[in-house]
Amino acid sequence: MQRKLALGLLAAFLLSFCTAGSAQAKQEKTLYQRLGGYDALAAVTDDFLGRLTTDAQMKRFFVGASTDSQKKIRQHIVDFLCAATGGPCAYIGRDMKTAHTGLGITGSDWDLTVKHLVATLDKFKVPEKEKGEVLAAISGLKKDIVEQP
Ligand code: HEM
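Residues numbered from 1 in each chain as written. Predicted model: local features only at pLDDT ≥ 70, side-chain atom pairs only at ≥ 80, totals over all residues.

Caption draft 1: Local environment of the overall build of the chain. When you go through the chain residue by residue, the secondary structure sums to eight helices and zero strands. In the chain, the order of α-helices and β-strands from amino to carboxyl end is α-α-α-α-α-α-α-α. Residues classed as buried in the chain amount to 11% of the 149 residues present. Considering only contacts in the chain between residues 6 or more positions apart, those separated by 24 or more positions represent 77%. (Helix = DSSP H or I, 4+ residues; strand = E, 2+ residues; numbered from the N terminus. Buried ≥ 20, exposed ≤ 12 C-beta atoms within 10 Å, placed from the backbone. Contact = placed C-beta atoms within 7 Å.)

Written out as structure tokens, the structure reads:
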């Protein structure tokens, strides 16, 4: 009788452990994974940069950069987003303040950038929850990027 009880308790313990484990695994999907991983982030970055570099107000920041420099900036942004969203990338570029100081980015440039980013995320049908998380992460960078409020 006692042995049966002990086996029953062990089974209940193992069951609760497994259920808790899988619930935790579900919760622990990183934003990077929920966005679709590296290729999805790279496609989002390309669409977003395409919008910025052809926008009448924003393109002034990117004129004069060689094709290779543009590729480097693009790769840094992909890696930055990958690392910032919990992905397996190492970001080896400069910190945001160092990379943007002196460009004279204004509050209006920032607002336009966020608008383009939202348009990109909508184009890729990123769900509201993930869109909110991306925008919240980006908004934390504003103080280091904008020089003229
Ligand atoms: C108004 C908004 C922004 C403008 C006009 C802008 C413009 C630029 C420009 C012109 C560069 C190249 C700087 C250089 O090589 O001398 C750059 C680099 C970079 N930007 Fe932005 N940026 C903006 C917002 C952002 C945001 C929101 C992010 C975050 C995803 C970001 C991430 C980066 C990264 C990772 C680099 C590369 C840093 C490096 O080369 O070490 N930028 N940005």
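Caption draft 2: Up close: the site of the ligand. Neighbouring the ligand are 19 residues; His76, Phe80, Gly93, Arg94 and Ala99 lie closest to it. If you list the elements that add at least two residues to the shell around the ligand, you get α4 (67–84), α5 (96–100) and α6 (107–123). Sorting elements by how many residues they give to the shell around the ligand places α4 first, with five residues. (Near = placed C-beta within 6 Å.)

Caption draft 3: Highlighting the nonpolar core. Membership of the largest hydrophobic core is limited to eleven residues, which are Tyr32, Leu35, Leu41, Val44, Phe48, Val78, Leu81, Cys82, Leu121, Val126 and Val134. Within the residue set of this core, elements represented by two or more residues are α2 (31–35), α3 (37–54) and α4. (Core = buried A, V, L, I, M, F, W, Y, C linked by C-beta atoms within 7 Å.)

Caption draft 4: Highlighting unusual backbone geometry. With a phi angle near 55°, Lys125 is a residue other than glycine that sits in the positive phi range. With respect to the helices and strands, Lys125 occurs in the loop between α6 and α7 (128–139).

Caption draft 5: Local environment of the environment of Asp39. Tracing the sequence through the fold places Asp39 in helix α3. Considered as a pair, Asp39 and Val78 are 39 residues apart in the sequence and their alpha carbons are 9.4 Å apart.

Caption draft 6: Inspection of the packing of α3 against α6 at higher detail. Packing of α3 against α6 leaves a shortest axis separation of 9 Å and a crossing angle of 140°. Between α3 and α6, the crossing angle belongs to the class labelled oblique. The hand of the α3/α6 crossing is right-handed. Contact with α3, carried on its side by Val44, Asp47, Phe48, Arg51 and Leu52, involves Thr113, His116, Leu117, Ala119, Thr120 and Lys123 of α6 and no other residues of that element. (Axes fitted to C-alpha atoms, helices over the stretch in contact; angles between N-to-C directions. Parallel < 35°, antiparallel > 145°, perpendicular 65-115°, else oblique. Left-handed = near helix turned anticlockwise from the far one by under 90°.)

Caption draft 7: Focus on α6. Counted at 1.5 Å a residue, the expected span for α6 with its 17 residues is 24 Å, and the 24 Å between its end C-alpha atoms agrees. Taken together, the buried positions of α6 are occupied by Asp109, Thr113, Thr120 and Leu121. Seen from one end, α6 has its buried residues packed into an arc of 110°, which puts them on one side. Among the exposed residues of α6, those pointing more than 90 degrees away from its buried face are Gly107, Ser108, Asp111, Lys115, Ala119 and Asp122. In the core, the buried residues of α6 are packed alongside α3 and α7. Note on α6: the residue one or two positions beyond its end, Lys125, has a positive phi of about 55°. (Expected span 1.5 Å × (residues − 1). Arc of directions from axis to C-beta.)

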